[in-house]
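Descriptive structure summary
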Amino acid sequence: MAACDKVFMDSVHGCVAMPPLCVRIIDTPEFQRLRYVKQLGIGYFVYPGASHNRFEHCIGVSHLAGKLVEALALGQEDLNISSSDILCIKVAGLCHDLGHGPFSHLWDQFMKQCKKSHHEHEERSCRMLDYLLAKHEIEIKPEDTTFIKALILGDKDTQGTGRGKDKCFLYDVVNNVRNGIDVDKWDYLQRDSHHLGIPITFSYERLIRCVKVMEVGGSGRQICYREKVAGDVLDMFSVRYELHKKAYQHRVCHKLDRMLLDAFVKADPYFSVKVVGDDGVLRRFSLSECESDMTAFSMLTDDVMQRILWEPLETLNNAKSIIKDMYCRQLYEDVGQVVLPENSPENAETMTKKMYHYLNTLEHCEVSEEAKQCLKVSEVKLGYGSKGSYPLEKVMFYSKKNNLVTCDELPDGICPSRYTCSYLHVLSTSREERILCVLHEAFDYAREELRLKETRPARVFLLILLVVLAAAAAAAAAAAAVAPSSVCPSVEVLLVTVVLVPCCLCLMMLLPSYSS
C-alpha cells in the first residue's frame, strides 16, 4: 500500500486501500449516487439484511481487481504488467457499475418494456465515466481511458483499446465474457451472501493462489487455473445458482419486481426529471428518456419510487396505487408455475397465447376480458452460468507440470447433470376470486397443452409400436388357426391374449390424449 492511498473499512474485505485517482472518482456526486442504488434492488423488501448498495460493491471489485492482477504481476514478471495497467484495472473495477439505474437490473427490464433506445449497464457505465471525468476535470491519458472502458465492457478486440494483444488476458479480470470467472462475481457472491445471511463455501483466495496466464492455441493468452481447484471453480458457479434460486429469483422478489415495473411503466408518461442545462434552460425528461442525458440519469436513484408516490399529480394515481400495495404487502396473486423441459421452445409469450385462447372460449365475456388485463406471465431462468451451458466448458486449467488441461480431461462426476432450469411464473394483478378462478382454469388448460405438446413425439412412437405389436399378435393368432401346431392351443391363446389385451388397453388410453 502506498503512503498516499486512502483506506476504507469494508464489511467483507476488511481494510481496502484506494489510490488517489480512485479516491478522486469516489469523491464525486456521480459516484456517491451509488450509495442510493441497492445491490439487490427490490430484494431488500424480502431480505431486510440486504441493505448493501452498489457503492461498496464497486469498491470491493476495485480491491479484488488489483489483488488479482498484482498476484499475476508478482508471479509472472514476463507478462510486463505495469503500474499503469494495475491502476487502470482498479479504476475499471471501481466504475464498472456507474451505469446502473434505480433498483439495478429492474431498470434494464423497464427500458426494454418501454422499447426506447436502450444500452446495457456496462455501456452506460462508460458514458457516465466520460461524463464524470469531463465534469470534474479528472485527467487520464486518452489511451488509458479507452483501456478502462474496454475492461468494463470485457472487450476482446484489442485493436484500439489502449493495450496490445499480449495483454488480452487483462480484459477477463473485471468483466469476463469468455467464461464468467471475474472479480465482479467474486465480490457480489461474498457480499450478497454476507448480507442475505445465506452461508456459502466459495472463497476466491484459493483461486488467486492458483492462477497463471498461459498461451491457449489461437486464442492468445488466457487466465488459467490449477486443475486441483476445478472443484472450487465449480463451487463458484454452484453458489451463484443457489443465490439465484434462494434470493435473486425468490418468488416474492419476482412479484415485487413485476409490480414496480408496472408502476414505472404507468408513471413514465407523466413523471419527469427536471434538468437545468449549461445554457440555463430548464428541460424535462420522462423516466425512459433519462438515459439520453447523463445529467438527468445521474439524478435517478432508488428514491424515484418515493418521488412518484409524493408527486401531487392525479395522472400518477395508477402508479401510486401499485406502490402503496407494495408497501401494504397487497401483492400480485400467484396463479401457478410450470417448469419447462430442457430446450423447450415454450416461453412467456406462448403461455400467454394459450391462456388467452382458453379465455376467448368462455361465455362470460366481461370476466374473460378482465382476466386478460390482469394476466402477467414471466419466464424465470436459473443456471450455473449466464448462458446456461456447461459451467467449465470455456475455463482452461493447467497441471502441475504446466500442461494445459481442458474440462474434458477433468475427473468424471465433477459437474451436475443439468446446468440450467427454466420455469414460467403466472401472476394476477387482481385479487378478486372470480378473476382468479378463471385464470386458474386457463392456467390448467395451458399447462395441459404444454404437457401434451412435449410428450406428443413419444406418444406417437409408442402408438406405432403398439399397433405393430397388436398386428403381430393378430397375425400369430390367424396362423395358429390355419395351421395348428403341436403346442397346446390354450398356450397359443394365452400368448395372444398377453400381447393383444395390453396393446388394446394402451391404445384406448393413448388415443383420447393424442387426439386432444
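Notes on the structure follow.

Bringing the overall build of the protein into the picture now. Across its full length, the protein holds 18 helices and 11 strands. Out of the 516 residues in the protein, the part that is buried amounts to 51%. In the protein, 70% of the contacts between residues at least 6 apart in sequence involve partners at least 24 apart. As displayed, the protein has an accessible area near 24900 Å², and 55% of this comes from carbon and sulfur atoms.

This paragraph deals with the environment of His121. If you trace the backbone, His121 turns up in helix α6 (residues 121–135). Here His121 falls in the buried class, since its relative accessible area comes to 10%. Separated by 16 residues in the primary sequence, His121 and His105 place their C-alpha atoms 8.4 Å from one another. Residue contacts for His121: discarding those within four places in its chain leaves His96, Asp97, Gly99, His100, His105 and Asp108. In this structure the side chain of His121 is engaged in a polar contact, spanning 3.4 Å, whose partner is the side chain of Asp97.

On to the sheet that holds strand β7 (residues 333–340), then. Spatial strand order, β7-β11-β8: 3 strands in an open sheet with antiparallel pairing. Strand pairing shows two members of the sheet lacking a second neighbour, β7 and β8 (375–383), which therefore form its edges. Taken pair by pair, the neighbouring strands of this sheet meet at an average axis angle of 20°, ignoring direction. Strand direction decides the pairing type here: β8 and strand β11 (residues 420–428), joined by 9 bridges, are antiparallel. If you follow Glu379 over to β11, its bridge partner there is Leu424. Against the sheet, helix α16 (residues 365–374) engages β8 and β11, with an angle of about 35° to β8.

Strands in a sheet are paired, the pairing made by backbone hydrogen bonds, and the direction either parallel or antiparallel. Pairing in this open sheet of 4 strands is mixed, and the strands run β3-β4-β9-β10 from one edge to the other. Sheet topology places β3 (211–215) and β10 (404–405) at the edges, where each strand pairs with a single neighbour.

Turning next to the side chain of Ser344. Looking at the secondary structure, you find Ser344 in the loop between β7 and α15 (348–360). Reaching out from Ser344, the side chain makes a polar contact with the backbone nitrogen of Glu346 at a distance of 3.2 Å.

Every buried residue of α16 is accounted for by Val367, Ser368, Ala371, Lys372 and Cys374. Viewed end-on, α16 has its buried residues packed into an arc of 165°, placing them on one side of the element. In α16, the exposed positions that point more than 90 degrees away from the buried face belong to Cys365, Glu366 and Gln373.

The next thing to look at is the pairing of β11. For a regular strand, the rule is simple: side chains alternate between the two faces of the sheet. Burial analysis of β11 places 8 of its 9 residues in the buried class, which makes it a mostly covered element. Bridge count between β7 and β11: 7 bridges; the pairing is antiparallel. Residue Val338 lies in a different strand from β11, and its bridge partner there is Leu424.

Here we take up the packing of helix α3 (residues 54–75) against helix α8 (residues 183–196). Orientation of α3 relative to α8, taken along the N-to-C sense of each, is 130°, at an axis distance of 8 Å. As summarised for this structure, α3 and α8 are arranged oblique, according to the angle between their axes. Where α3 crosses over α8, the two elements pack in a sense that is right-handed. Seen from α3, the contacting residues are Glu56, His57, Gly60, Val61, Leu64, Ala65 and Leu68; seen from α8, they are Val183, Asp184, Trp186, Asp187, Tyr188 and Arg191. Looking at the contact of α3 with α8 residue by residue, the classes come out as 7 nonpolar, 2 polar and 4 charged.

Bringing unusual backbone geometry into the picture now. A negative phi holds for most residues other than glycine; trans holds for most peptide bonds. One non-glycine residue, Glu137, lies in the positive phi region at around 55°. By secondary structure assignment, the location of Glu137 is in the loop between α6 and α7 (142–153). The exposed category is assigned to Glu137, whose relative accessible area is 64%.

As a further point, take the packing of α6 against α7. Direction vectors running N to C along α6 and α7 enclose 155°, while the axes themselves pass 9 Å from each other. Regarding the angle of α6 to α7, the classification is roughly antiparallel. Crossing angle aside, the handedness with which α6 passes α7 is right-handed. Where α6 abuts α7, its residues Glu122, Glu123, Ser125, Cys126, Leu129, Asp130 and Leu133 lie against Thr145, Ile148, Lys149, Ile152 and Leu153. Along the lines of polarity and charge, the residues of the contact of α6 with α7 split into 6 nonpolar, 2 polar and 4 charged.

How each quantity is defined
- Positions within a chain are numbered from 1, following the residues in the order the chain's sequence is written.
- Per-residue local features are limited, in this predicted model, to residues with pLDDT of at least 70; the limit for side-chain atom pairs, both in listing and counting, is 80 or more; totals at the level of whole chains, interfaces and linings are taken over all residues.
- Heavy atoms throughout the structure, all of them, feed into the side-chain values; hydrogens and water do not.
- What counts as a helix is a DSSP run of H or I of at least four residues, what counts as a strand is a run of E of at least two, and both are numbered from the N terminus.
- In this scheme, a residue with accessible area under 20% of its type's maximum is buried, one over 50% is exposed, and one in between is partly exposed, where area comes from a 1.4 Å probe on protein chains only.
- Whether two residues touch is decided by their heavy atoms; if any such pair falls within 4.5 Å, the residues are in contact.
- Working definition of accessibility: Shrake-Rupley area with a 1.4 Å probe, residue cover restricted to the visible protein chains.
- Any N or O atom pair separated by 3.5 Å or less is treated as a polar contact, with the protein-specific requirement of one donor-capable and one acceptor-capable atom, and with residues adjacent in sequence counted only for side-chain atom pairs.
- At least two DSSP bridges between two strands are needed for those strands to be called paired.
- Every axis corresponds to a line fitted to the C-alpha atoms, with the helix fit spanning only the stretch in contact, and the corresponding angles, defined between N-to-C directions, vary from 0 to 180 degrees.
- In this description, one arc is meant: the one made by directions from the helix axis to the C-beta atoms.
- The cut-offs work like this: below 35 degrees is roughly parallel, past 145 is roughly antiparallel, 65 to 115 is roughly perpendicular, and the gaps in between are oblique.
- Helix crossings are classified by the rotation of the near helix relative to the far one: an anticlockwise turn of less than a right angle makes the crossing left-handed, while a clockwise turn makes it right-handed.
- Three classes are used: nonpolar for Ala, Val, Leu, Ile, Met, Phe, Trp, Tyr, Cys and Pro, charged for Asp, Glu, Lys and Arg, and polar for all others, with Gly counted as polar.

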